[in-house]
Amino acid sequence: EAGVAQSPRYKIIEKRQSVAFWCNPISGHATLYWYQQILGQGPKLLIQFQNNGVVDDSQLPKDRFSAERLKGVDSTLKIQPAKLEDSAVYLCASSPTSGVYNEQFFGPGTRLTVL
Amino acid sequence: AQSVSQHNHHVILSEAASLELGCNYSYGGTVNLFWYVQYPGQHLQLLLKYFSGDPLVKGIKGFEAEFIKSKFSFNLRKPSVQWSDTAEYFCAAGAYGGATNKLIFGTGTLLAVQP
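Residues numbered from 1 in each chain as written. Chains lettered and ligands numbered in written order. Predicted model: local features only at pLDDT ≥ 70, side-chain atom pairs only at ≥ 80, totals over all residues. Heavy atoms only, no water.

Here the focus is the overall build of chain A. Check the secondary structure of chain A and you find zero helices and eleven strands. Seen in sequence order, chain A has helices and strands lined up from the N terminus as β-β-β-β-β-β-β-β-β-β-β. Whereas a compact globule of 115 residues would reach a radius of gyration of roughly 13 Å, chain A reaches 13 Å, a difference of no more than 12%. Over its C-alpha atoms, taken along the principal directions, chain A stretches across nearly 40 × 25 × 25 Å. Out of the 115 residues belonging to chain A, those deemed buried represent 45%. (Helix = DSSP H or I, 4+ residues; strand = E, 2+ residues; numbered from the N terminus. Rg over C-alpha atoms; globule rule 2.2 N^0.38 Å. Buried < 20%, exposed > 50% of the residue type's maximum accessible area, 1.4 Å probe, protein only.)

In this section: the pattern of salt bridges. Residue and element names in this part refer to chain B. This model, assessed by the stated rule, comprises seven salt bridges over all chains. In this structure, Glu64 and Arg77 form a salt bridge, with 3.4 Å as the shortest nitrogen-oxygen distance. You can see Glu64 sitting in strand 8 (residues 64-68) and its partner Arg77 sitting in strand 9 (residues 73-78), a full 13 residues away along the chain. On the accessibility criterion, Arg77 (23% relative accessible area) is partly exposed. A single salt-bridge network, built from bridges that share partners, covers Lys58, Glu64, Glu66 and Arg77. (Salt bridge = Lys/Arg side-chain N within 4 Å of Asp/Glu carboxyl O.)

Attention now moves to the nonpolar core. With 30 residues, the main nonpolar core has Trp35, Leu47, Leu48, Phe74, Leu76 and Tyr89 of chain B as its most contacted residues. For this core, the elements supplying multiple residues, two or more each, are strand 2 (10-14), strand 3 (19-21), strand 5 (32-38), strand 6 (45-50), strand 8, strand 9, strand 10 (87-97) and strand 12 (109-114) of chain B. Ranked by size, the runner-up nonpolar core spans 21 residues in total, among them Val4, Trp34, Ile47 and Phe49 of chain A. (Core = buried A, V, L, I, M, F, W, Y, C linked by side-chain atoms within 4.5 Å.)

All names here are of chain A. What the four strands build is an open sheet, ordered 1-3-8-7; its pairing is antiparallel. Where the open sheet ends on each side, the last strands, each with one partner, are strand 1 (5-7) and strand 7 (65-68). Taken pair by pair, the neighbouring strands of this sheet meet at an average axis angle of 15°, ignoring direction. The pairing of strand 1 with strand 3 (residues 19-24) spans three bridges and is classified as antiparallel. Its bridge partner lying in strand 3, Ala5 is registered against Asn24. (Pairing = 2+ DSSP bridges. Axes fitted to C-alpha atoms, helices over the stretch in contact; angles between N-to-C directions.)

Shown next, in the form of structure tokens:
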């Protein structure tokens, strides 16, 4: 089966610009996650969707980050305006449901560099 | 708050050497534990997982991990490493609450295996 798709793979922007990332989960997966991985750290959850509803966005910096999953399939994560500290890899993951025994499958990530 | 600690940030081994990577977690309730691996240029993928039952779990590519509840540990082991095991390894704990199903990752261990 096809894996989690993300685009773009790399993005370089200047601070205060805006940027958007796209994720297409594995077909049929109801749960979608966005993680931020800063260099030297492990991934940190930004937001979790169950179908098109937000389950957990407690660690999403809502003053500049937004995410949507309008039709319960693919999702976009936006940063506006970007700061230097937003430089990171943004990972999208999906799982069949949000149940505790479900494995999360990760995409290749988008590497963002903010200059 | 839940947290995961990985004590080894960089490990260098020769082929055929034995591997043990440390992972400790802090969490007051039932915990599910995972090891993920990221090979160079590839996405995160699951090595093995522990939910319940036998504390010694076996994963792909000859890896195993032992859950020791009294030590809050879930160390990863492999008796004989190969050059192809060069990768970054992440320990993670599952945090569940309602519909939330997020992974708390450690900072990762970069393993380099010298031929």
